[in-house]
Amino acid sequence: MSSNTLREALRELVYANHILHYHDAVDAYGHVSIRHPEKPDVYIMSGYLAPALVESPDDLIEYYIHDSSPVNPDSKKGYQERFIHGEVFKRYPEINCVVHSHAEQVLPYTMNGVALRPAFHMAGFLGQHVPIYDITKFYQDGDQQDMLVNTVKFGSELANLFTETNNSLSPNNKSPDHTVVLMKRHGFTTLGKNVPEAVYRALYTKTNAGVQTNAVMLHKAYFGSQAAFDQQDLPYLNGIESEGCRKMNEGTQDKPWKLWVREVEASSLYKNLT
Ligand SMILES: [Zn+2]
């Protein structure tokens, strides 16, 4: 690992680990990865380490995208759920960063039938439908049913959900239709063409979930039992608005990134030695 391009990419990856922790999108669990900037069939992520403690290139592991096996067979222990990352990179060549989070604000929307919707303009990227992945559909007798996406099969089924089923992913269309997939009783995965975009989406998915929960509870508290409550009553962003806001989000996400880097640089918990 030597070139300036690679060094810059690793530095950004270490920052992403710290930023996601600083903003409570990950705790000791959860992870972020990047596609190798010079070897598109390889991705890079932290070894088995809490994101806040990732510091140097020694903490990172390269994996082949085709099966998520380590490039160096003697690599230290890695994350069981690296298959999330490998399979998303495999299916979407334009995607260069993947984030997986168990953020507690988001968890209720993975399991109770209330759809996660874009509640404010910073989360237009959520679009009008956020798919939910249910790993239990893919379990076979004898599997340890721990919800972990720890095989190519589980990862590829998750990656599929970023695309509408009627989108066959022709060679001319390899863009995901969705930016976020919720994971039932587990968390969510998001992606981006670059690190700031994926981190932005992770943080604002979490923020949006908190805003939506407050909006729903306030509505229920104020209107009480008269509410034959329909979540459609709330004025979430419509399709035109969410699309407009998505473009705005993508055009402005470099601004928070600079702030987020400074925040983690200013905290003595985090070290970036790349
Ligand atoms: Zn997980």
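Just above sits the structure.
Residues numbered from 1 in each chain as written. Predicted model: local features only at pLDDT ≥ 70, side-chain atom pairs only at ≥ 80, totals over all residues. Heavy atoms only, no water.

### Quick look at the pattern of salt bridges
Argument step 1. Applying the stated rule across the entire model yields nine salt bridges.
Argument step 2. A salt bridge links Glu157 to Lys153; the shortest N-O distance between them is 2.7 Å. You can see Glu157 and its partner Lys153 sitting in helix α3 (residues 152-160), four residues apart, about one turn around the helix.
Argument step 3. For Lys153, a relative accessible area of 42% corresponds to the partly exposed category.
Argument step 4. Overlapping salt bridges bring together Lys193, Glu197, Arg201, Glu243, Arg246 and Glu250 as one network. (Salt bridge = Lys/Arg side-chain N within 4 Å of Asp/Glu carboxyl O. Helix = DSSP H or I, 4+ residues; strand = E, 2+ residues; numbered from the N terminus. Buried < 20%, exposed > 50% of the residue type's maximum accessible area, 1.4 Å probe, protein only.)

### A look at the coordination of the zinc ion
Argument step 1. Around the zinc ion, the protein contributes the donor atoms Glu81 (OE), His100 (NE2), His102 (NE2) and His186 (NE2), at 2.0 to 2.2 Å from the metal centre.
Argument step 2. Between the four donor atoms coordinating the zinc ion, the angles at the centre fall across 94 to 144 degrees, so the site counts as irregular.
Argument step 3. For Glu81, a relative accessible area of 5% corresponds to the buried category.
Argument step 4. Take His100: its relative accessible area is 0%, and that puts it in the buried class. (Donors = N, O, S within 2.8 Å, 3.2 Å for Na, K, Ca; no water. Tetrahedral: all angles 85-135°; square planar, octahedral: opposite > 155°, others 65-115°.)

### Things to note about the packing of helix α4 (residues 195-223) against helix α6 (residues 254-265)
Argument step 1. Contact pair α4 / α6: the axes reach a minimum separation of 10 Å and the direction vectors enclose 85 degrees. It follows from the interaxial angle that α4 and α6 lie roughly perpendicular. In this structure, α4 uses Val195, Pro196, Val199, Tyr200, Leu203 and Tyr204 to contact α6, whose residues at the interface are Pro256, Trp257 and Trp260.
Argument step 2. For the contact of α4 with α6, the per-class residue count stands at nine nonpolar, no polar and no charged. (Axes fitted to C-alpha atoms, helices over the stretch in contact; angles between N-to-C directions. Parallel < 35°, antiparallel > 145°, perpendicular 65-115°, else oblique. Contact = heavy atoms within 4.5 Å. Nonpolar A, V, L, I, M, F, W, Y, C, P; charged D, E, K, R; others polar.)

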